[in-house]
Amino acid sequence: MTVDPMGDRRDELEDVVSDLRARDAIADAFIAKSFTDRLVIVDIEGRDEVPADVIEHLADHDLRGAEGVYSDGEGQSFAGSVGDTTRHHFLDMRTRGAHQSYVVEVE
């Protein structure tokens, strides 16, 4: 039997997202992919800041504020407003850069 470490990680992140959705402050949470990275997206009910316990939970699973990682800032995750919520992006540090995107050239 072959073990897929990326699949195992996805399963772990699905559990994290499921836990987040059960919290009162969270309007939604889901996994997304950028060009090379996996992200956990978190929509916070009518707030600009992610509750400290949510940040701690994400950090326990090696998820860090994406903008903070990309820009060398500390913990920045804010990505904008979506209706009555604020959206935050958290980067999966365990698989950072492991995804591949393909460019198709048209002649």
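Residues numbered from 1 in each chain as written. Predicted model: local features only at pLDDT ≥ 70, side-chain atom pairs only at ≥ 80, totals over all residues. Heavy atoms only, no water.

1. Description of the confidence of the model for the protein chain
Put simply, the test is: pLDDT is a residue-level measure of predictor confidence that goes from 0 to 100. By the criteria applied, helices consist of DSSP H or I runs no shorter than four residues and strands consist of E runs no shorter than two, each listed in order from the N terminus.
With 79% of its residues at a pLDDT of 70 or more, the protein chain has an overall mean of 84. Per-element averaging of pLDDT across the protein chain places helix α3 (residues 66-70) at the bottom with 84 and helix α2 (residues 52-60) at the top with 95.

2. Focus: the nonpolar core
So the rule is basically this: For the purposes of this section, nonpolar cores are sets of buried Ala, Val, Leu, Ile, Met, Phe, Trp, Tyr and Cys residues that join through side-chain atoms within 4.5 Å. Think of it in three bands: residues with accessible area under 20% of the maximum for their type are buried, residues over 50% are exposed, and the middle band is partly exposed, with areas taken using a 1.4 Å probe on protein chains only. The contact definition used throughout considers only heavy atoms, calling two residues in contact when any of these lie within 4.5 Å.
Counting 15 residues, the largest nonpolar core has L20, V40, V42, L58 and L63 as its most contacted members. Going through the elements one at a time, α1 (5-21), β1 (26-33), β2 (38-45) and α2 are the ones with two or more residues in this core. Setting aside residues up to four positions removed in sequence, L63 forms contacts with R9, L13, V16, V40, L58, F90, L91 and D92. L39, I41, A66 and L91 belong to the second-largest nonpolar core, a separate cluster that totals 5 residues.

3. Here's the deal with the pattern of salt bridges
Two side chains bearing opposite charge may form a pair once their charged atoms approach each other closely. What counts is decided by this rule: Salt bridges are defined as contacts in which a side-chain nitrogen from Lys or Arg sits within 4 Å of a carboxyl oxygen from Asp or Glu.
Applying the stated criterion across every chain, the model contains 9 salt bridges. With its nearest N and O atoms 3.2 Å apart, the salt bridge here joins R10 to E14. In this pair, R10 and E14 are both assigned in helix α1, 4 residues apart and thus about one turn of the helix distant. Overall, the relative accessible area of 36% leaves R10 in the partly exposed class. The closest approach of N and O atoms between D53 and R23, which form a salt bridge, is 2.9 Å. A residue pair is termed long-range when its members are at least 10 positions apart, and D53 in helix α2 and R23 in the loop between α1 and β1 qualify at 30 residues. Each of R9, E12, D62, D92 and R94 takes part in one network of salt bridges that share partners.

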